[in-house]
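So the chains spell out like this:
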Amino acid sequence: MICDICGQEGARTRHITRSYGKGDNLLLIENVPVINCPHCGESYLTAETLHEIERIKLHRRNFATKRAISVAGYMLGHHSQSKKQANKSFHSDG
Ligand SMILES: [Zn+2]
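Residues numbered from 1 in each chain as written. Predicted model: local features only at pLDDT ≥ 70, side-chain atom pairs only at ≥ 80, totals over all residues.

## With respect to the overall build of the chain
We count it as follows: Put simply, DSSP H or I for four residues or longer makes a helix, DSSP E for two residues or longer makes a strand, and each gets a number counted from the N terminus. Every C-beta atom is placed from the backbone, and the number of other C-beta atoms within 10 Å of a residue's own sets its class: buried at 20 or more, exposed at 12 or fewer, partly exposed in between. Two residues form a contact once the distance between their C-beta atoms, set from the backbone, is within 7 Å.
Along the backbone of the chain there are 2 helices and 5 strands. The buried share of the chain, reckoned over its 94 residues, is 15%. Intrachain contacts of the chain at a sequence separation of at least 6 include 59% that bridge at least 24 residues.

The structure is reproduced here in structure tokens:
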């Protein structure tokens, strides 16, 4: 795919587990798609992904499965077309 940062072909999507919050508020979200570009070295989430993560966090009680800590799976395939917008920085709001 085309990198949103440098515009070159070759960016790849990786799926990782990310954590938000800490302690009792710790939430893990699995399979979060992260775009990785070998050309410019950037790793970023798309605006769509960030939006979805916010939604998961809002509805964490519905998404989370009972484990020692809360874990939610990133929901794939429920999206309409969205503008491609790069978000360069990972920011954890914990
Ligand atoms: Zn790039």
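Read on for the rest.
## Some points on the environment of I53
Topologically, I53 is positioned in helix 1 (residues 47-58). The contact partners of I53, leaving out residues within four places of it in the chain, are I29 and V32.

## Structural notes on the pairing of strand 3 (residues 43-46)
Threshold: Pairing between two strands is assigned when DSSP locates at least 2 bridges connecting them.
Bridge analysis of strand 2 (residues 27-36) against strand 3 gives 2 bridges, and the strand direction is antiparallel. Counterpart to I35 in the pairing with strand 3 is Y44. Between strand 2 and the antiparallel strand that follows it, strand 3, lie 6 residues; G41 among them carries a positive phi value of about 80°.

## A look at the nonpolar core
Note the cut-off: Buried Ala, Val, Leu, Ile, Met, Phe, Trp, Tyr and Cys residues form a nonpolar core when they are connected through C-beta atoms within 7 Å.
Counting 6 residues, the largest nonpolar core consists of C3, A11, I35, C37, Y44 and L45. Once you skip the residues sitting within four places of it in the chain, C37 turns out to touch C3, I5, C6, G10, A11 and E42. Among the nonpolar cores identified, the runner-up in size contains 5 residues, and L27, I29, V32 and A72 belong to it.

## Quick word on the environment of P33
Along the chain, P33 turns up in strand 2. Along the sequence, P33 and H15 sit 18 residues apart, while their C-alpha atoms lie 4.5 Å from each other. Setting aside anything within four residues of it in sequence, one finds P33 in contact with T13, H15 and T49.

## Side note on the pairing of strand 1 (residues 12-20)
With 0 of 9 residues buried, strand 1 is to be regarded as a mostly surface element. Pairing between strand 1 and strand 2: 8 bridges, direction antiparallel. Looking at strand 2, one finds that Y20 is bridged to L27. Counting the residues that bridge the hairpin from strand 1 to strand 2 gives 6 residues, and of these G21 lies at a positive phi of roughly 75°.

## Some thoughts on the environment of L26
As for its position among the elements, L26 is in the loop between strand 1 and strand 2. According to the C-beta neighbour criterion, L26 is partly exposed, with 14 such atoms within 10 Å. Expressed as a C-alpha distance, the spacing of L26 and V71, which sit 45 residues apart in the sequence, is 8.7 Å.

## Describing unusual backbone geometry
Look at N31: it is not a glycine, yet its phi comes out positive at around 60°. The class of N31 is partly exposed, set by 14 C-beta atoms lying within 10 Å.

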